[in-house]
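The chain contents come next:
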Amino acid sequence: MLSKELLQPANPLEDINRQQINYLLAHNEENFQFLLAFVTTSKNFKIAIAEINFPPDVDALITALQEHPKCQQIQFVVLNLNDSELRFLLVKIKQDLANIQREANKKLVLILRGLEKSIGTTDDYPPILVNLNYVRDAFPDAVPHPVLFILPDYAVTSLARFAPDFWSWISATFKFNTAPETLDRARQRAFNDFDSPKYYRTHAKQERTERIDLLERLLHE
């Protein structure tokens, strides 16, 4: 059963976001427990992947980890890697780690999100994965912390295909399915927005493009 402490955090989010977290955990309880075991017991450099296809669930999962009672002695560092031109992941991680203020007596766990932007969806060798495979042996010394990649399924497939040496070091993959309740709410909101003429007057083109991408993810789910 899910912990009441987890469902009633000290700093609650808005109700709609709280519901999404609860839905996600209720439909993925076993995998969440396995992921908790990874972040709480892993030491030094270890790699795991959380496979999530619906972008809002990424925020829900990260918040669930940060708030869980078992993770109070963990400092989660979330790196947002949304640059589609990113080529050298290890360099980027080292730069960001150098600017992190460590919390005393806490284990550091890195969470990498957004890497699918630079991985892309084509069958060509993504430069970031080619380099990732090439510099694999430098990771344990440069990043002596557990690392959790959060990626959609197509990016996980590309990682296994184009960076096989790096992939061989992955300890576990945890697949999180989007809750039906979350999908229904997101579909209703997305289609209601597109039916409204006001939506096109008040939302920038980039935001509309992101919403279309979200709809494609809904259809994929």
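Every value quoted in this text rests on a predicted model; they were computed, and no experiment measured them.

Here's the deal with the packing of aromatic side chains
Link 1 in the chain: Under the criterion given, the structure shown has 5 aromatic pairs.
Link 2 in the chain: Taken together, a centroid distance of 5.9 Å and an interplanar angle of 80° make the contact between Phe149 and Phe166 edge-to-face. On the criterion of sequence distance, the pair formed by Phe149 in strand S4 (residues 146-151) and Phe166 in helix H10 (residues 164-167) is long-range, its members being 17 residues apart.

Thoughts on the pairing of strand S2 (residues 74-80)
Link 1 in the chain: Of all 7 residues in S2, 5 are buried, a share of seventy percent or more.
Link 2 in the chain: In this sheet, strand S3 (residues 107-113) lies alongside S2 in parallel orientation, the contact comprising 7 bridges. By the bridge assignment for S3, Gln75 is matched with Leu108.
Link 3 in the chain: Each parallel crossover has a hand, and the one from S2 via helix H5 (residues 89-98) to S3 is right-handed.

Quick notes on the sheet that holds strand S5 (residues 170-176)
Link 1 in the chain: One open sheet holds the 5 strands; their spatial order is S2-S3-S4-S1-S5, and the pairing between them is parallel. Two strands lie at the open edges of the sheet, namely S2 and S5, each paired on one side alone. Along the sheet, successive strands turn relative to each other by an average axial angle of 20°, direction set aside.
Link 2 in the chain: When S3 meets S4, the two strands line up parallel, connected through 4 bridges. Of the residues in S4, the one forming a bridge with Arg113 is Ile150.
Link 3 in the chain: Set on the sheet, H5 makes contact with S2, S3 and S4; between it and S3 the angle comes to about 135°.

Describing the environment of Pro126
Link 1 in the chain: The topology assignment puts Pro126 in the loop between helix H6 (116-119) and helix H7 (127-134).
Link 2 in the chain: Separated by 33 residues in the primary sequence, Pro126 and Leu159 have C-alpha atoms spaced 9.2 Å apart.
Link 3 in the chain: Contacts of Pro126, omitting those with residues within four sequence positions, involve Ser118, Ile119 and Phe162.

Here's the deal with unusual backbone geometry
Link 1 in the chain: Phi angles above zero are rare outside glycine, and Asn44 is one such case at about 60°.
Link 2 in the chain: Position of Asn44 relative to the elements: it lies in the loop between helix H3 (29-41) and strand S1 (46-52).
Link 3 in the chain: Phi is positive for Asn105, which is not a glycine, with a value near 60°.
Link 4 in the chain: Relative to the helices and strands, Asn105 resides in the loop between H5 and S3.
Link 5 in the chain: Note on Asn105: relative accessible area 75%, which makes it exposed.

Re the confidence of the model for the protein
Link 1 in the chain: Confidence in the prediction of the protein, expressed as mean pLDDT, is 83, and 75% of residues score 70 or more.
Link 2 in the chain: Taken element by element, the predicted model of the protein shows its lowest mean pLDDT in helix H1 (residues 4-7) (42) and its highest in S4 (97).
Link 3 in the chain: Under a pLDDT of 50 for its full length, residues 1-13 has, in the predicted model, 21 contacts with residues more than four places off or in other chains.

A closer look at H3
At 3.6 residues per turn, the α-helix brings residues three or four places apart onto the same side.
Link 1 in the chain: Compared with an ideal rise of 1.5 Å per residue, which puts 13 residues at 18 Å, H3 spans 18 Å between its outermost C-alpha atoms and is within 8% of the ideal.
Link 2 in the chain: Within H3 the residues assigned to the buried category are Phe32, Leu35, Leu36, Phe38 and Val39. Here the buried residues of H3 occupy an arc of 160° about the axis, which is enough to place them on one side. H3 presents Glu30 and Thr41 as exposed residues on the side facing more than 90 degrees away from its buried surface.

So, how was this worked out
Residues numbered from 1 in each chain as written. Predicted model: local features only at pLDDT ≥ 70, side-chain atom pairs only at ≥ 80, totals over all residues. Heavy atoms only, no water. Phe/Tyr/Trp six-rings, centres within 6.5 Å; stacked < 30°, edge-to-face > 60°. Helix = DSSP H or I, 4+ residues; strand = E, 2+ residues; numbered from the N terminus. Buried < 20%, exposed > 50% of the residue type's maximum accessible area, 1.4 Å probe, protein only. Pairing = 2+ DSSP bridges. Right-handed = clockwise from strand over helix to strand, strands pointing away. Axes fitted to C-alpha atoms, helices over the stretch in contact; angles between N-to-C directions. Contact = heavy atoms within 4.5 Å. pLDDT = per-residue confidence, 0-100. Expected span 1.5 Å × (residues − 1). Arc of directions from axis to C-beta.

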